[in-house]
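# Working through the structure, step by step
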Amino acid sequence: MASATTTKGAAGRGTLNAVLFYVFLVTFVLVSVFPLLWIFKMSIVTKTELFASPPTILPQTPTSESYGTIFGDPVFQQALVNSTIISTVTTVICLFFGSITAYAIARLRFRFKGTVMTLILAISFFPAVAIIAPLFIQFAQVGLIDTYASVIITDTVFALPLPSGCLWRSSESYPSTSRTRPR
Amino acid sequence: MSVASASTEKKGRGWFKEEFGNPERRTAYYMVLPSLLIIVLVAFFPILYGIVLSLTDSTISGFGSFIGLENYTDLFQDSDFGEGLYNTVIFTVVSVALEFFIGLGIALAINRAFRGRGLVRAAVLVPWAFPTVIAAVMWRLMFQSQVGIVQYVAASLGIISEPILSSRTLLLIGVILVDVWKTTPFVALLLLAGLQTIPGEVYEAARVDGANWMQRFFRITLPLLKGAILVAVLFRTLDAYRVYDLFWVLGNRELQSLSTYVYEGVRISQLQFGPGNAAAVFIFMTAFLIALFFIRVLGMRTSVEEE
């Protein structure tokens with residue numbers, strides 16, 4: 001709708017609008033990205049520069065020292081291994097179960113389809129903290145505390161709605177918004 | 001709504017045979033079974049278990065005896081819980097409102113063809129794609145009084161007179177701003193997706209009829225965007241309501257939210273296990289009521305209706 005308003009009106013106003021639009025866009029992108037650039041800058045400066053006041057805008061003597069430190073740290077290495085294993089396994093399991101569930105929902109007819117979809121979607125609204133204590137006790141009873149399995153299982157449940165939802169929507173033959181349009 | 005549509009069908013024993021006698025339907029049940037099973041075991045069963053635990057004097061290592069609502073009365077007398085509830089409600093209302101209005105503005109602005117559109121979309125997703133814990137650590141560094149750029153700039157401009165991290169009010173404002181920074185792009189993209197389903201002819205027709213931009217916005221855009229708005233706002237509200245990592249990490253365990261209260265109660269100081277569990281049940285119930293409000297009162301659709 002905004003593009004249509006600029007087609008009419010004087011050419012000068014069109015240019016002004018375009019300038020304002022790009023100023024807005026640049027501001028928005030800068031606000032989004034600046035903190036990350038700043039943290040990156042903090043990660044490659046020396047300790048003295050880090051604590052300098054007023055802070056430097058551009059790194060004076062870039063160094064990769066901090067990165068050397070973390071990759072040499074066994075705690076960080078273990079964390080990296082843990083994260084890689086957990087995220088890979090969770091992704092594979094989630095895609096597998098999510099896609100077969102999504103297929104059934106998008107392509108097959110069955111009575112409790114609505115209920116199943118509501119249950120799966122309800123998980124994305126679920127306050128995970130509400131079940132930490134019972135879940136801890138459940139996992140303790142089956143000896144899963146401090147294992148990858150317990151984290152992967154929990155992660156899988158809370159990650160399931162996303163692949164299921166995306167897949168059943170993309171494989172549908174009709175647009176879900178059709179009913180909200182005026183006829 | 002899906003739940004209602006299932007119950008309007010005719011009841012009786014016949015449906016069971018019909019559902020499981022039909023090979024296609026049977027296959028469908030086999031296909032959804034694994035997902036349902038894990039959801040029930042890991043999410044819904046623990047909720048019931050949690051409700052039972054909250055009515056007993058159990059600890060993390062042993063099941064106790066029934067004590068009625070004592071945990072709940074303890075909970076509501078605990079000032080830490082009150083503070084957590086207050087912070088969480090303020091955080092949820094303010095951050096969701098800001099995210100919605102700014103997000104709607106952005107969505108309306110970028111809902112057109114322009115040069116560099118792909119780049120803008122990628123850039124706005126950067127904060128959202130960042131893990132919240134990392135974002136929290138990152139912003140804490142920027143709020144910090146020795147190396148923090150935000151602290152430095154805000155103090156130089158005279159906006160603040162004390163270190164951000166030592167004032168709970170400033171910290172809460174900081175947490176809200178970080179959430180707005182992180183999630184507004186996501187809200188904008190959800191609303192943008194909704195905007196793009198509105199056919200251009202509707203606006204053409206309105207313009208032919210002489211509607212000005214305000215009429216077009218309030219009579220066409222908003223009503224047709226209602227579905228997308230409700231989804232985005234409900235999703236954000238419940239996400240904000242269960243906020244944990246931002247408070248825990250950015251607040252360095254000093255700023256209480258409902259979720260940090262539960263975690264502290266059941267895991268850190270296990271003396272608070274009972275009230276912690278009661279708070280967990282409280283969060284679940286209130287989150288459920290919020291969702292119900294959106295679905296029943298505001299008429300949100302939870303899923304695609306049956307054919």
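In this text, all values refer to a predicted model and were calculated from it rather than measured experimentally.

## Examining the overall build of chain B
Scanning chain B for helices and strands turns up 14 helices and 0 strands. Seen in sequence order, chain B has helices and strands lined up from the N terminus as α-α-α-α-α-α-α-α-α-α-α-α-α-α. Projected onto its principal axes, the C-alpha positions of chain B cover 75 × 70 × 30 Å. For chain B, the residues scored as buried account for 36% of the 307 residues in total. Expressed as a percentage of contacts within chain B between residues at least 6 apart in sequence, the contacts between residues at least 24 apart total 69%.

## Focus: the nonpolar core
Residues and elements named next belong to chain B. Of all hydrophobic cores here, the largest spans 94 residues; its most connected members are Val-175, Leu-191, Val-262, Ala-279, Ala-280 and Ile-283. For this core, the element with the highest residue contribution is helix α9 (residues 168-195), accounting for 11 residues. Ignoring sequence-local partners within four residues, the contact set of Leu-191 consists of Gly-103, Leu-104, Ala-107, Leu-225, Ala-228, Ile-229 and Ala-232.

## Description of helix α14 (residues 273-297) of chain B
A rise of 1.5 Å per residue sets the reference length of α14(B), with its 25 residues, at 36 Å; its end C-alpha atoms lie 35 Å apart and thus fit the reference within 8%. At the C-terminal side of α14(B), B:Gly299 shows a positive phi close to 70°.

## Brief notes about the interface of chain B and chain A
One frequently used descriptor of interface size is the decrease in accessible area upon assembly of the parts. Of the residues lining the interface, 71 residues belong to chain B; the matching set on chain A comes to 65 residues. Residue contributions to the side of chain B that touches chain A peak at 19 residues, all from helix α3 (residues 23-54) of chain B.

## Examining the packing of helix α5 (residues 74-107) of chain A against α3(B)
Where α5(A) contacts α3(B), the two axes come as close as 8 Å, and the packing angle between them is 140°. α5(A) and α3(B) meet at a crossing whose hand is left-handed. In this structure, α5(A) uses A:Phe97, A:Ile100, A:Thr101, A:Tyr103 and A:Ala104 to contact α3(B), whose residues at the interface are B:Ala28, B:Met31, B:Val32, B:Pro34 and B:Ser35. Here the residues of the contact of α5(A) with α3(B) sort into 8 nonpolar, 2 polar and no charged.

## A few points about the packing of helix α8 (residues 148-159) of chain A against α3(B)
Taken N-terminus to C-terminus, the directions of α8(A) and α3(B) make an angle of 110°; their axes are 10 Å apart at the nearest point. It follows from the interaxial angle that α8(A) and α3(B) lie roughly perpendicular. Along the contact surface, α8(A) presents A:Ile153, A:Thr154, A:Thr156 and A:Val157, while α3(B) presents B:Ile38, B:Ile39, B:Val42 and B:Ala43. For the contact of α8(A) with α3(B), a count of residues per class yields 6 nonpolar, 2 polar and no charged.

## Remarks on the domain arrangement of chain B
All names here are of chain B. Under the domain assignment used here, chain B contains domain 1 (13-54) and domain 2 (79-297). Centre-to-centre separation of domain 1 and domain 2, based on C-alpha positions: 33 Å. Each side of the interface is counted separately: domain 1 has 5 residues, and domain 2 has 5 residues. Its residues placed into classes, the side of domain 1 that touches domain 2 shows 3 nonpolar, 2 polar and no charged.

## A look at helix α6 (residues 113-124) of chain A
Between its terminal C-alpha atoms α6(A) stretches 18 Å, which fits the 16 Å expected from 12 residues at 1.5 Å a residue. When we look at burial in α6(A), the residues that qualify are A:Lys113, A:Gly114, A:Val116, A:Met117, A:Ile120 and A:Ile123.

## Structural notes on unusual backbone geometry
Despite not being glycine, A:Asp146 shows a phi value in the positive range, around 65°. Residue position: A:Asp146 is located in the loop between α7 (132-141) and α8. Judged by local crowding, A:Asp146 falls into the exposed class, with 10 C-beta atoms found within 10 Å. For B:Arg253, which is not glycine, the phi torsion reads 65° and is therefore positive. By the secondary structure assignment, B:Arg253 is in the loop between α12 (245-250) and α13 (258-268). Look at B:Arg253 and you get exposed, because 12 C-beta atoms sit within 10 Å.

## Notes on the environment of A:Val23
Mapped onto the fold, A:Val23 is located in helix α2 (residues 11-43). With 22 residues separating them along the chain, A:Val23 and A:Val45 place their C-alpha atoms 31 Å apart.

## Re the confidence of the model for chain A
Residues and elements named next belong to chain A. The predicted model of chain A has a mean per-residue pLDDT of 80, with 85% of residues at 70 or higher. For the stretch residues 1-9, pLDDT sits under 50, and the model shows 10 contacts to residues farther than four places along the chain or on other chains. Low pLDDT, under 50, characterises residues 173-183; the stretch is placed with 6 contacts to residues that sit more than four places away or in other chains.

## Quick word on the confidence of the model for chain B
Residues and elements named next belong to chain B. Overall, the prediction assigns chain B a mean pLDDT of 83, with 93% of residues at 70 or greater. No element of chain B has a lower mean pLDDT than helix α1 (residues 2-8), which averages 45, and none a higher one than helix α5 (residues 79-110), which averages 92. For this predicted complex, the interface score ipTM comes out at 0.75, alongside a pTM of 0.82.

Calculation rules
Residues numbered from 1 in each chain as written. Chains lettered and ligands numbered in written order. Predicted model: local features only at pLDDT ≥ 70, side-chain atom pairs only at ≥ 80, totals over all residues. Helix = DSSP H or I, 4+ residues; strand = E, 2+ residues; numbered from the N terminus. Buried ≥ 20, exposed ≤ 12 C-beta atoms within 10 Å, placed from the backbone. Contact = placed C-beta atoms within 7 Å. Core = buried A, V, L, I, M, F, W, Y, C linked by C-beta atoms within 7 Å. Expected span 1.5 Å × (residues − 1). Axes fitted to C-alpha atoms, helices over the stretch in contact; angles between N-to-C directions. Left-handed = near helix turned anticlockwise from the far one by under 90°. Nonpolar A, V, L, I, M, F, W, Y, C, P; charged D, E, K, R; others polar. Parallel < 35°, antiparallel > 145°, perpendicular 65-115°, else oblique. Domains from an automatic or database assignment. pLDDT = per-residue confidence, 0-100.

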